[in-house]
Every structure is written in C-alpha cells, then in structure tokens.
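Residues per chain, in single letters:
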Amino acid sequence: MERESLEMDVVFVGAGPANLSGALHLSRLIAEHNAAIGSGAAQGKSLGEVQIAVIEKGAAVGAHILSGAVMDPRGLAELIPDFKEQGAPLESEVKEDFFYYLTQSRAVRSPINPPPLNNHGYYIVSLNRLTAWLGEKCEEAGVNIFPEFPGADLLYDESDRVLGVRTGDKGIDKEGKPKPNFEPGVDLLAKVTVLGEGVRGSLTKKLIRRLGLDEGREPQVYSLGVKELWELPDDRYPAGRVTHTLGFPSDQWTYGGGWIYGMQNRVLNIGYVTGLDYRDPLIDPHAEFQKFKTHPFIAKLLAGGKMIRYGAKAIAAGGMNAMPRMYSDGVLIVGDSAGFLNAARLKGIHSAIKSGMLAAETIFEALLAEDYSSAKLQTFEARVKESWITPELRRYRNFHAGFRHGRWLGMANAGLQYLTGGRAWGIFDRDHQEPGHEAMEKLSPHERNGNVAARYRDLRFDKKLTFDKVTDVYHAAVGHDEDQPAHLHVLDTNICATRCTEEYGNPCQRFCPAAVYEMVESGSQVSVPIDGNPTVREGANARPRRQLQINFSNCVHCKTCDIMDPYQIINWVTPEGGGGPDYVGM
Ligand SMILES: Cc1cc2nc3c(=O)[nH]c(=O)nc-3n(C[C@H](O)[C@H](O)[C@H](O)COP(=O)(O)OP(=O)(O)OC[C@H]3O[C@@H](n4cnc5c(N)ncnc54)[C@H](O)[C@@H]3O)c2cc1C
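First things first, this report covers the structure right here in the doc. (Residues numbered from 1 in each chain as written. Predicted model: local features only at pLDDT ≥ 70, side-chain atom pairs only at ≥ 80, totals over all residues. Heavy atoms only, no water.)

This part covers the site of the ligand. Around the ligand lies a shell of 39 residues, among which Glu56, Ser67, Val70, Lys313 and Asp336 are the nearest. Between the ligand and Pro17 there is a distance of 3.2 Å, counted from an oxygen atom to a backbone nitrogen or oxygen. Ala18 is positioned with one of its backbone polar atoms (N or O) 2.9 Å from an oxygen atom of the ligand. Alone, the ligand offers 1,000 Å² of accessible surface; in the complex the protein occludes 99% of this. Those elements that provide at least two residues to the shell around the ligand are helix H1 (17–39), strand S18 (256–262), strand S20 (306–316), helix H7 (335–338) and helix H8 (349–369). When residues of the shell around the ligand are assigned to their parent elements, the largest contribution, 3 residues, is made by S20. By residue class, the composition of the shell around the ligand is 20 nonpolar, 13 polar and 6 charged. (Near = heavy atom within 4 Å. Polar contact = N/O pair within 3.5 Å; in protein donor to acceptor, adjacent residues only side chain to side chain. Areas by Shrake-Rupley, 256 points an atom, 1.4 Å probe, with all protein chains shown as cover. Helix = DSSP H or I, 4+ residues; strand = E, 2+ residues; numbered from the N terminus. Nonpolar A, V, L, I, M, F, W, Y, C, P; charged D, E, K, R; others polar.)

This is the structure we're talking about:
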C-alpha cells in the first residue's frame, strides 16, 4: 500500500486545550523571533516558515471535548491576556458556590465551602465552545488544523526516536477489506510530536509502555464523569451558580460526587463522578448518575425541565505521583495525557493550557538549537517544576489515594493535606495507589447464584427525569460508520462468557456508560438488566450460551472500558476519522 508522507516540523496529536494552546503559543514565539531578527532587534538566524499541524479524531475541533466546566482562568490569561475582549465564549463568572452533603433524603449545606472547591473569580464554560474558539485562534496564527484525522500509530526509528504519527486509514469495511472510498492514512513526519490526546490517550498508552515512561511512578487512577445538559422552564438556577455534592448515591467505599453548574439561557449542567477504582463489580456509573437525579433535592431542581444533551468521559485522578516521564527523543506528553489534572479541585483546563505553553517554549528552544533529543526536550519537565503547576499539584498529591480508606478518612486526609501542603503527617502519604481495576472485587457466591445487590432495584428509567443508556447516547449525537472494524479490541473473548461471567458478572455491561457491551444469548439480542444478573449454573449443560456483542457505534470515546476491565483485555483504538460524539455546548 502506498502511503503519502508529509513533512511537518511539529505535529500536535489531539485538538484539546493543551495542544491548541501549545500550537498557538509556539506559532507566536516563532513569529516574534523571526520579526525581531528581520528588524535587526535581535541577533541570530530566522527560523523561517515552521510547519505546525494539529490533528484531531473528531469531525470538528471541540466535537469530542467534554468537561464540567468551571475554569480557573490562570492558564488562559497567560495565553491570551485579553481573552474577554477577544470574545472567548464564557458562560458566566462564578457568582455563588455551594457544597452539600446528600443523605438518602436530605441535602445538608456545608457552612464552609471546601477550599479546593472555591471558585470565586472563575468562569463557567462550555469547553466544547472554548476549544473551538481556540482552534480558530490557531488557524488565524497559521497553524494547520486537520479534523477527522485520528493518530493511529506513532512512527519510530530503530533507536525508538519518535519520527511522527501515522493517521488512520479511511474506507475499510467491517471485514477489514478496502471499500471503494478507501484512503490510506498519511505519515506525518515531525521533528517533535506532542501527545495531547486527553485522558488515557491511545498512542500515549502505547508510548509509555514501549519506553517504560512510567517506571518508578504510581499507576494512574481514573474517575468517570457522566453528564447531561437540561433546559429549565424558569430562572430557578441562575447562570454563575456552582454546586458540588458528596454522599448519595455513592457508598462510602466508592469515590464520587455531583456537580451542578448554571449556564446561560436557563441551561443546567449536571453530572456525577464515580471513581474507577470501585470495589463492587455491580456498580454502574451511569446508573449512579441517574440515581443521583432522583434525590429529592436534585429532582426538584429538574422538575419540568428537559434533558437536551448527554456525554461521559474519564478523568485522570492520580495526581503528581502518577505522572509519567513526559519526554523522550522527538516527543512530549501534555495535558490530561500526562495527568496534569488536579482531582481535588476537579480542574485540569488551566494546567492543560499551561502544559501546552511550556511544551511550546521547550520546542521553540529545540528548533533554535536544532536538537530534538531527549536531552534537549527534558527541559520541559524542568519548566513544569518551576511553574505554578507543581506547587498546586504537590499540595494535593495524595488526595485520591486517601479515599482507599473510605469516604470519611479520605475527606480527613484531604483536609490534612490542604493544611500541611500535601504531607498529611506521614499517615496517608505512605499510601500507594493500585490500578483502579485491581480494586474491583469478585462476586460473592451469593451474588453468583443470581442474588444481585439491591443497589439499583428501585431505579426506573421514566424518560422524564431518568434515562436508560440508549436514550442518553442518542443525546450525545454519536455517529460511527457501522461498516468498519470495531475500534474496541477485546483481546480474548473466551474470557467473557466463562471466567468474567462467573467472577465479575461481566462488568463491562455496567461500567460502559454508552451500552457498547452486551452479553447476548447465542445470536439473540437480549439485554442484560443493569444489575447484570449473572447466569445461574446448575451443571455445564444447563448454562445458556452467551457471547459478547460490541455495539461500537454507540461509543462516546470515554475510555472507561480500556481502564476498568478487570482482565485488561479491552484495547481502545481510534475509529475512522470523524466518528464519535458531537458534544456541542458540553
Ligand atoms: C466530566 C469532566 C468534568 C470536568 N470538569 C472540569 C472542570 O470543571 N474544570 C476544569 O478545569 N477541568 C475539568 N475537567 C478536566 C478538563 O476537561 C481536562 O483537564 C482538559 O480538557 C484536558 O485537556 P487536554 O487538552 O489535555 O485533553 P482533552 O480536552 O481531552 O482533548 C484531547 C483531544 O484529543 C483528541 N484525541 C485523542 N486521541 C486522539 C488521537 N489519537 N488522534 C487525534 N485526536 C485525538 C480528542 O478527541 C480531544 O479532542 C473535567 C473533565 C471531565 C471529563
């Protein structure tokens, strides 16, 4: 197969806030440098025309961006100091901050807001819109943006130096054969490739494994945020109001909490985070969110409203100790791909932007020195250490690990950390995180015999307040050409109907928030209830034949399956370019 090769100078993989900020900052540094040389204000040689490309798997910049979001403007203000005057799409300045503890039926307002959740001076944004706006700024600055171009593989030389990225082929049918519209992917060659794929990046994961970039670091841990936008009939929840909740419906061993942000035009942004290190294999993060909405305090808020959008995405929650080495020959890792998010504050936009800018400064120096080696690019980590990112992350470095001891000790740890700058008196900071899927416990013999937990027994999907996954997915506007190979690779499907059914009751059916995974009885299309009712076995012949069906066209690219599968046999790879959700306004 003949592939086209395109010579770029710098390729950014993923058009999220981290990479767009990096591309924009780099293009400006180069333009300023060349202008200074041209005018004689500086000595040295001009860099000439530097080709910068950003590739994005979504159909447009922002299409796959899902966030909360309350944005700390620190990063954006450094990138574009007059961002307000330039028309950055901001929903509202934060005007009110509330924090509630939810019992089964009551909402108890905390007299003080936990300091990490003080949002005074911040902005509620739709990150989808803000990212699209940053994309426009990049194009104005001469950056080449290629939507519908998924990075499918990294290109290496014989000494593992990254040479660029190969984009995905187009027009392959579900049997893996070329269709009439077949177009092979392109090899984009670059002096430096920047991975800003967001959480659990598919290329980042492979690179980290291949080069051992996580050696000596703690494993990354994750949460899953499930979210809806609602149109309210009146002004009961004003734009600029921020509420966070703890408690119902999570049990005390499951890390979780809710958010409610008021946007413009009576739109309410509501979501729930579930830690992807839960113990009970019968937990379903989408059902946790639906249950959250049935709490009287929330149900009252949503009464008479209409759900208009849905989405879900994982969050990297491991903090500073779980960040991999972020450089190697010809490559840098930025934003959520490197784990820059501060889980205690549920904020990563500001640090993603800053990490992109620091990567740009590192690359600019490398271009001047014509040196793209690991030795040169490692100054990226030094820059991160000297920036405001590091003290912020250091202070909360053991935040998530504390929740391994349950909600209350986790909260106590969070408080101590805040007071001690992250040390927590040596109690919790000796903790080491384990990969989240390892926390999942096996079904008890009782549950294996079909006596599943009552966790969601009362949950009904009335399609007014609560929605099943398929209805929700419709509101994520997901589209994938069905005549293509599934982009969810299950490496050993034999495990699904045997060990996984017996040991965990096929938890993929529950942890996926988009109904991608279904255990069906041979050939038929039987949905399994959300409690996952594992098969009763009274002798080998009595067991109905079950097999895994992958409804990959539902996939919202949240990456949960790649993270949470207890056998780690699900591998998420990029589908054909342009496929996936369309998160307008999210
Ligand atoms: C539910 C939720 C709530 C959040 N709430 C907040 C909040 O209130 N405040 C806050 O500050 N932060 C919040 N965050 C975190 C914030 O959204 C992230 O920290 C931030 O978006 C990270 O930016 P990024 O550029 O690293 O990655 P992303 O924003 O994830 O962007 C990555 C981009 O890369 C693309 N991509 C991925 N792989 C490839 C590939 N192989 N080829 C081509 N393109 C690819 C993706 O499609 C995407 O467009 C929240 C996150 C979630 C999930």
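With that out of the way, let us pick up the sheet that holds S18. The 7 strands lie next to each other as S7-S6-S17-S18-S19-S16-S20, forming an open sheet whose pairing is mixed. What marks the edges here is a single partner per strand, and that holds for strand S7 (107–109) and S20. In this sheet, neighbouring strand axes are inclined to one another by 20 degrees on average, regardless of whether the strands run parallel or antiparallel. Bridge analysis of strand S16 (residues 222–231) against strand S19 (residues 267–275) gives 9 bridges, and the strand direction is antiparallel. Pairing of Leu229 across the sheet is with Asn269, part of S19. (Pairing = 2+ DSSP bridges. Axes fitted to C-alpha atoms, helices over the stretch in contact; angles between N-to-C directions.)

For helix H13 (residues 407–420), which comprises 14 residues, the first-to-last C-alpha distance of 20 Å matches the rise-based estimate of 20 Å (1.5 Å per residue) to within 8%. Residues Arg407, Gly410, Asn413, Ala414, Gln417 and Thr420 constitute the buried set of H13. Taken around the axis of H13, the buried residues stretch over an arc of 160 degrees, which confines them to a single face. Pointing more than 90 degrees away from the buried face of H13 are the exposed residues Trp408 and Leu419. Looking at the residues trailing H13, positive phi occurs at Gly421, about 70 degrees. (Expected span 1.5 Å × (residues − 1). Buried < 20%, exposed > 50% of the residue type's maximum accessible area, 1.4 Å probe, protein only. Arc of directions from axis to C-beta.)

This part takes up the layout of surface pockets. Approximately 620 Å³ is the volume attributed to the largest pocket. Every residue lining the largest pocket is counted, 32 residues in all, and those nearest its centre are Leu117, Leu246, Ala344, Phe399 and Met411. At 5 residues, the largest contribution of residues to the lining of the largest pocket is made by H13. When its residues are assigned to classes, the lining of the largest pocket shows 21 nonpolar, 10 polar and 1 charged. (1 Å grid on protein atoms, 1.4 Å probe; cavity = no way out; pocket = protein on both sides within 12 Å on 5 of 7 lines; lining within 4 Å. Points joined across faces, edges and corners; volume = space filled by probe spheres on them.)

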